[in-house]
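# Fold and contact review
What follows is the residue order along each chain.
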Amino acid sequence: MIKNPNLDQPQNHVVTYLKIRLSIGLIGMLLPFVLWAGNTLLNSFNVLNDTYWIKFNGVYEPQSNLKYSISHFYYSTVGELFTGALSAVALFLFCYRGYPRPTYGKYHFIPGDNFMANLAGILAIIVVIFPTSSEEIKDNMRSYISSENAGYIHYASAALFFLFLSLFSFVNFRRTKRPEDFGKMKSHPIYKYCGLVMLGSMLILLTLFVLEKTNIDVSWSQTYNSTFWLETIMLVAFGISWVVKGKIDQSVINKNIFGNGVKE
């Protein structure tokens, strides 16, 4: 058997590994817009009521194409796309190893990449297993809507998922071989601001959630789909940080200096 020597080159394995970062980032950035566009397209062509494609049990009456939150798309025509995308992100996160936690330096108490990625992957799976709860879903594709208790598990898991992703950008991506160089590379401000944007958006969402639970009128939030847009901002910031990180490490490989301690 003739063996292809290129397949055994360590650089090829590293390039494939770095593509995991790119895949995670792209899925995160594109997910909100793909869900919105997909739901709009299927509803516009009335696909679920077209027996050429689907034998739907009854008449499907779609509501608004844009949902209150990204999680609400679980009950829409693109529900499987939502669960598939999150499952793919979880799988990529489980495969991600990254860099270990330094023993000293700034934020050295934050766990290493592997631990953070695995935990975020677990939380993504929990978000899929426990769908969001709501009384506003009229065009439900499922035969059920999650209970309020399942909804709380969903909210908590989603919040922790975004929290760990923001820490990933703010801390883990700015680590270097030398702890004293933390935050000093050219790309580090990008990771820093992406992390801060995610944290800031989470804080606004938490404030809206608390106000709603205390019976303060925040109906304007639902009118303008504020949860969807805040979640979209977080996912775009998350995606940018992962894509930039993958691109920078890829450029390091192309210059044949990967492995000598250079870490952007």
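Everything below is about the structure printed above this text.
The structure displayed is predicted, hence computed values, not measured ones.

About the criteria used
Residues numbered from 1 in each chain as written. Predicted model: local features only at pLDDT ≥ 70, side-chain atom pairs only at ≥ 80, totals over all residues. Heavy atoms only, no water. Helix = DSSP H or I, 4+ residues; strand = E, 2+ residues; numbered from the N terminus. Buried < 20%, exposed > 50% of the residue type's maximum accessible area, 1.4 Å probe, protein only. Expected span 1.5 Å × (residues − 1). Arc of directions from axis to C-beta. Axes fitted to C-alpha atoms, helices over the stretch in contact; angles between N-to-C directions. Parallel < 35°, antiparallel > 145°, perpendicular 65-115°, else oblique. Left-handed = near helix turned anticlockwise from the far one by under 90°. Contact = heavy atoms within 4.5 Å. Nonpolar A, V, L, I, M, F, W, Y, C, P; charged D, E, K, R; others polar. Salt bridge = Lys/Arg side-chain N within 4 Å of Asp/Glu carboxyl O. Core = buried A, V, L, I, M, F, W, Y, C linked by side-chain atoms within 4.5 Å.

### Observations regarding the environment of V34
By the secondary structure assignment, V34 is in helix α1 (residues 10-44). Here V34 falls in the partly exposed class, since its relative accessible area comes to 40%. Residues V34 and L81 lie 47 residues apart in sequence; the distance between their C-alpha atoms is 8.9 Å.

### Notes on helix α5 (residues 188-213)
Because an α-helix packs 3.6 residues into every turn, residues spaced three or four apart end up facing the same way. With 26 residues, α5 extends 38 Å from end C-alpha to end C-alpha; this agrees with the ideal 38 Å at 1.5 Å per step. Looking at α5, one finds that the buried residues are H188, Y191, C194, G195, M198, S201, M202, L205 and L208.

### Remarks on helix α2 (residues 79-95)
For α2, which comprises 17 residues, the first-to-last C-alpha distance of 25 Å matches the rise-based estimate of 24 Å (1.5 Å per residue) to within 8%. Those residues of α2 lying buried are G79, F82, T83, A85, L86, V89, A90 and L93. Buried residues of α2, seen end-on, are gathered within an arc of 160 degrees and therefore sit on one face of the element. Seen from the buried face of α2, the exposed residues on the opposite side, beyond 90 degrees, are E80 and L91.

### Comments concerning the packing of helix α4 (residues 148-170) against α5
Relative to each other, α4 and α5 sit at 155 degrees, their axes nearing to 7 Å. Our classification of the angle between α4 and α5 gives roughly antiparallel. At the point where α4 passes α5, the crossing takes the left-handed sense. In contact with E148, Y152, Y155, A159, F162, L163, L165, S166, S169 and F170 of α4, α5 contributes Y191, K192, C194, G195, L196, M198, L199, M202, F209 and K213. Tallied by class, residues from the contact of α4 with α5 come to 14 nonpolar, three polar and three charged.

### Quick look at the pattern of salt bridges
Applying the stated criterion to the full structure yields five salt bridges. The partner of D139 in a salt bridge is K67, with the nearest N and O atoms 2.8 Å apart. Here K67 lies in the loop between α1 and α2 and D139 lies in the loop between α3 (113-129) and α4, a separation of 72 residues in the sequence. Relative accessible area serves as the criterion here: at 4%, D139 is assigned to the buried category. Residue class for K67 comes out buried when judged on its relative accessible area of 8%. Through salt bridges that share partners, R178, E180 and D181 make up one connected network.

### Topic: the nonpolar core
A general tendency of soluble globular proteins is for nonpolar side chains to be buried together. Judged by nonpolar contacts, the single largest core of 51 residues is most densely connected at L35, L93, F161, L165, F168, F238 and W242. Contributions of two or more residues to this core are made by α1, α2, α3, α4, α5 and α7 (226-254). The greatest single-element share of this core, amounting to eight residues, is contributed by α7. Beyond its immediate chain neighbours, meaning those up to four positions away, L35 contacts I70, F73, V78, L81 and F82.

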